[in-house]
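Analysis of the macromolecular model
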Amino acid sequence: MQPLDPFPRVLLDRSSAARTDPEALAARWERPQAVRISMRDGAVAVPAGDRESLSITALSTVFRDSEPSRRALLGIDPDERPWWLVLSPEEASTTMSWVGLREIGPRATAVELEALMTAAALEAWHRRHAYCPACGTATDVVAAGWVRRCPNDGTEHYPRTDPAIIVLVLDDRDRALLGRQTRWPPRWRS
C-alpha cells in the first residue's frame, strides 16, 4: 500500500522578502488574478447559496476594498496568482456564508488546500493575539499579516509554526484506524 501524501510539496511561495515592501504588496493586491479569501473559526467565507458549486478562485473579486492592515499575503502560486487572507471583512457579515474546511477540502485543488490551511492557522493566530502579551495594548498588523507589532513598547509577535504530521495507522491486515467526533455530520471520520 502506498503512503498517502496530501501535501507532496510546498506550492505557495511565501514571498517573505516582499512582506515589508508596501509597493510590491499593493501591486500584488491589485493583480486581476489575485485570490482573496476570508476565514473564521476554520471556515471559509463563500457567496451565500454557493455551497455546492464553490470555486475558491472565484472569490477574487469579493474582498477588493480591504485596508492593507486587514490583509495577509499567504503566498504566490505556480500560476503567479497572489493568495490573500482578508482579516475581519465587513463584506462577509451580510453577503457570505461560512463553509468548514472538511466540507470544502475534498473539492479543493492542492494549491487551494494549502492556501486554506495556511489561512485558517493565520486567522486563528490573529483572532487570539490581538493584544500585546507584555502590556495589553492592541497590536498593529504589519509585514503583510505575518507580524503583530505593539505600538506602545515596539515588541513584535509572530505566529507559531509548530511542525506537525498526519499519519495513517494500519493494522497487520491493512485496516485503517478511524476516529469520529459526535458533533460531526454522519459518515465523517478522522
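See the structure printed just above.
Structural notes, computed from the coordinates. (Residues numbered from 1 in each chain as written. Predicted model: local features only at pLDDT ≥ 70, side-chain atom pairs only at ≥ 80, totals over all residues. Heavy atoms only, no water.)

I37, M39, V44, L74, W83, L85 and L122 are the most contacted members of the largest nonpolar core, which has 23 residues in total. Sorting the residues of this core by element identifies β1 (35–37), β3 (43–47), β4 (71–76), β5 (82–86) and α4 (110–128) as the ones contributing at least two each. The element contributing the most residues to this core is α4, with seven residues. When sequence neighbours within four positions are dropped, the list of residues in contact with L85 reads I37, S38, M39, R70, R71, A72, L74, A119, L122 and E123. Counting residues in hydrophobic clusters, the runner-up holds 10 residues, among them F63, W84, V86 and M96. (Core = buried A, V, L, I, M, F, W, Y, C linked by side-chain atoms within 4.5 Å. Buried < 20%, exposed > 50% of the residue type's maximum accessible area, 1.4 Å probe, protein only. Helix = DSSP H or I, 4+ residues; strand = E, 2+ residues; numbered from the N terminus. Contact = heavy atoms within 4.5 Å.)

The phi torsion at S15 lies on the positive side, around 55°, for a residue other than glycine. In this structure, S15 sits in the segment before α1 (22–30). Its identity as a non-glycine residue notwithstanding, D41 has a phi of 50°, on the positive side. With respect to the helices and strands, D41 occurs in the loop between β2 (39–40) and β3. When its relative accessible area of 55% is taken as the criterion, D41 is described as exposed.

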